[in-house]
Amino acid sequence: MLKRAALLLLLSIGSAQADPLPALTRDGLQALTLAKDSIAFHSVAGADNQTINVAELYRKTLVDGGFPADAITITRLNDTAYMVLRWAGQDSALKPLVISGHMDVVAARASDWARDPFTPVVENGYLYGRGASDMKMSNALAITALLHLYHQGYKPKRDIILALSGDEETTMKTGQILASQLSNAQEVLNLDVGGGTLDEESGQPLFYSWSGAEKTYADIALTVTDPGGHSSEPRAHNAITTLAQALVKIQAHPFRPELNALTRSYFLNAARFTTPHLASAMRVFAASPDNAQAVATLRAEPSLVGAIGTTCVPTRIEGGHALNALPQRAEANINCRIFPGHSRMDIIHELAAIIDNPAVHIEDRSEGSVETQPSPMNGRLPTAVVTAAQQAFPDVPVFASMSSGASDSMWFREKGVPSYGASPIFMKASDNFSHGLNERVPLSAITPGMHFLLSIIPALSQN
């Protein structure tokens, strides 16, 4: 196991300011180098997709580190690829531990960024670049941790499988394939979800939350058609205004507030680390989810609104065909994140009742999404993750949560495999630019991230 005082090296990488950079172990420096090298590849869906290059980089790193080449497979699928490393355990009768992640990233335009998104830059204590936090640093830490354990002669009892998908940010087909291939897993450790939160002012750890469930992703199209006509002859019905009226109704509709065991745990525990006003609302909601005042307070907080029930919001709109013609068609996409326990059809029926206009056609256009139930809260991971997080930061509070986003965990849960989001990254909420401009990850996350993984991987693969 990695010793906290072992082989500290000063990281000598140029910085725009004289701020001291954190000391890193050899493992930490290797993880940083691997993260930088992977960010340099344009692993974005499309004609120039270089996800296969990321996979080849990871394979070379693992083979150079001692893993046999035949333990690693890379499989192409359309413009992307997925990768599997299988580290054989001592007891083939035991179900494997799967460590899940993804190699692709969302698109980024260089003209919008302060730095080129695919030219990794270390500056002022951060690694900048698309995928820095989502999730190429986590991948680099996982690969480095596996190499460390391998070099130390660690012998897992059960197989350890590193399964990295290649289109998690788009169609999620490779994640679905991996879940089908690995449906015999004991559990999944998904490094794409969850993680530690640092205090905004002091930078000290506040808490670590792991995810045992996620909401169902849905894209629902609203379409209005009309014969149209000349714009100089307005009519009572207009496709754009009919659609607009439907959107306003959806915007004003409060979906029923809901709780489950994971979100109740989160509200009761996270209330200790926020403002008194918000903390009071969180505690009241955890006890009485129908309390109107508490619900109103939580709905006003963007970081919490997704945790109290289903949300639906317009994300795209198109309409009309000419500046001087009445529109013949208007269409909007409604993106819903559905609380576990409800199907997409349940929400479509609710939207139809809200809109109450047969002229608005409603269609489910969701791709790459399935409805799943929460993973058990009483498995091996909850205990292992407490120990791991406290290896990173002694005595840090650890508790469960539910993710509002979608990840590859859903494909495993669909197969009946418990999947838990437990990222190795600790960072401030204000540093989270995943999917946004100028994405970055603090270098200070590297060492605690290694401690976390070097604790939890043996804990889950040794029994």
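All figures in this text were calculated on a predicted structure; none of them were measured in a lab. (Residues numbered from 1 in each chain as written. Predicted model: local features only at pLDDT ≥ 70, side-chain atom pairs only at ≥ 80, totals over all residues. Heavy atoms only, no water.)

Engineer: So what about the state of the cysteines? Which residues, and what values?
Structural biologist: Overall, the coordinates contain 1 disulfide when judged by the stated rule. One disulfide bridge connects C312 with C336, the sulfur atoms lying 2.1 Å from each other. Torsion about the S-S bond of the C312 and C336 cystine: about 115°, corresponding to right-handed handedness. Here the residue C312 occupies a position in strand β14 (residues 311-319), and C336 occupies one in strand β16 (residues 329-338), the gap between them amounting to 24 residues. Of the residues examined, C336 reaches a relative accessible area of 0% and is grouped as buried. (Disulfide = S-S within 2.5 Å. Helix = DSSP H or I, 4+ residues; strand = E, 2+ residues; numbered from the N terminus. Buried < 20%, exposed > 50% of the residue type's maximum accessible area, 1.4 Å probe, protein only.)

Engineer: I'd like a rundown of the pattern of salt bridges, residues and numbers included.
Structural biologist: If you walk through the whole model with that rule in mind, you get 15 salt bridges. In this structure, R316 and E318 form a salt bridge, with 3.3 Å as the shortest nitrogen-oxygen distance. In this structure, a network of salt bridges that share partners links the residues R329, E331, E363 and R365. (Salt bridge = Lys/Arg side-chain N within 4 Å of Asp/Glu carboxyl O.)

Engineer: Tell me about the nonpolar core, residues and numbers included.
Structural biologist: With 74 residues, the main nonpolar core has M83 and I456 as its most contacted residues. Counting residues per element, this core draws most heavily on helix α3 (residues 132-151), at 11 residues. (Core = buried A, V, L, I, M, F, W, Y, C linked by side-chain atoms within 4.5 Å.)

Engineer: Can you tell me about the pairing of β16, naming the residues and giving the values?
Structural biologist: Across the 10 residues of β16, 8 count as buried, placing the element largely inside the fold. Here strand β12 (residues 216-225) runs beside β16; their pairing, made up of 10 bridges, is antiparallel. Its bridge partner being in β16, L222 is matched across the sheet by A332. With 8 bridges joining them, β14 and β16 adopt antiparallel strand pairing. Note that in β16 the partner of T311 across the bridge is R337. (Pairing = 2+ DSSP bridges.)

Engineer: Lay out the sheet that holds β14 in plain terms, naming residues and giving numbers.
Structural biologist: With antiparallel pairing, the 4 strands of this open sheet are ordered in space as β14-β16-β12-β17. A single partner strand is all that each edge strand has here, and the edge strands are β14 and β17 (361-364). Each strand axis lies, on average, 25° off the axis of its neighbour in the sheet, ignoring direction. Packing of helix α5 (residues 239-252) onto the sheet brings it into contact with β12, β14 and β16, and relative to β16 it is tilted by some 15°. (Axes fitted to C-alpha atoms, helices over the stretch in contact; angles between N-to-C directions. Contact = heavy atoms within 4.5 Å.)

Engineer: Quick rundown of helix α11 (residues 381-392)? Include the residues and the values.
Structural biologist: Here α11 is 12 residues long and its end C-alpha atoms lie 16 Å apart, about the 16 Å a rise of 1.5 Å per residue gives. Listed in full, the buried residues belonging to α11 are L381, P382, A384, V385, A388, A389 and A392. For α11, the arc enclosing every buried residue in end-on projection is 155°, short of the 170-degree limit, so these residues lie on one face. Taken together, the buried residues of α11 touch β9 (187-190), β11 (205-214), β18 (398-403), β19 (419-421), β20 (426-428) and α13 (446-461). (Expected span 1.5 Å × (residues − 1). Arc of directions from axis to C-beta.)

Engineer: Give me the lowdown on the sheet that holds strand β6 (residues 121-123), citing residues and values where you can.
Structural biologist: Ordered in space as β6-β7-β21, the 3 strands form an open sheet in which the pairing is antiparallel. Pairing within the sheet leaves two strands with one partner each, and these edge strands are β6 and β21 (440-442). Averaged over neighbouring strand pairs, the angle between their axes works out to 25° when direction is ignored. In terms of strand pairing, strand β7 (residues 126-128) meets β21 through 3 bridges, oriented antiparallel. In the sheet register, Y128 faces β21, and the bridge partner there is R440.

Engineer: Requested: an account of the environment of I362, with residues and values cited.
Structural biologist: Mapped onto the fold, I362 is located in strand β17. In this structure, the C-alpha to C-alpha distance between I362 and E331, residues 31 residues apart in sequence, is 10.0 Å.

Engineer: So, the packing of aromatic side chains: which residues are in play, and what are the values?
Structural biologist: According to the stated counting rule, one finds 14 aromatic pairs in the structure shown. Taking 4.2 Å as the distance between ring centres and 35° as the angle between the ring planes, the aromatic pair formed by F67 and Y150 counts as tilted. On the criterion of sequence distance, the pair formed by F67 in the loop between α2 (51-64) and β3 (72-77) and Y150 in helix α3 is long-range, its members being 83 residues apart. On the numbers, 6.1 Å between centres and 55° between planes, the contact of Y126 with Y128 is tilted. (Phe/Tyr/Trp six-rings, centres within 6.5 Å; stacked < 30°, edge-to-face > 60°.)

Engineer: I'd like to hear about helix α6 (residues 261-270), residue by residue, with values.
Structural biologist: Considered for burial, the residues of α6 that qualify are L262, T263, S265, F267 and A270. Among the structural elements, β11, α7 (276-287), α8 (292-299), α9 (302-305) and β18 are those in contact with the buried residues of α6. Sitting at the head of α6, N260 places a side-chain oxygen 3.1 Å from the backbone nitrogen of L262. (Polar contact = N/O pair within 3.5 Å; in protein donor to acceptor, adjacent residues only side chain to side chain.)

Engineer: Hey, could you go over unusual backbone geometry for me, with residue numbers and the actual values?
Structural biologist: With an omega of -5°, the peptide bond between D134 and M135 qualifies as cis. For M135, the location among the structural elements is in helix α3. Even without a glycine there, the phi angle at N78 is positive, about 55°. Mapped onto the secondary structure, N78 falls in the loop between β3 and β4 (80-87). A relative accessible area of 66% places N78 in the exposed class.

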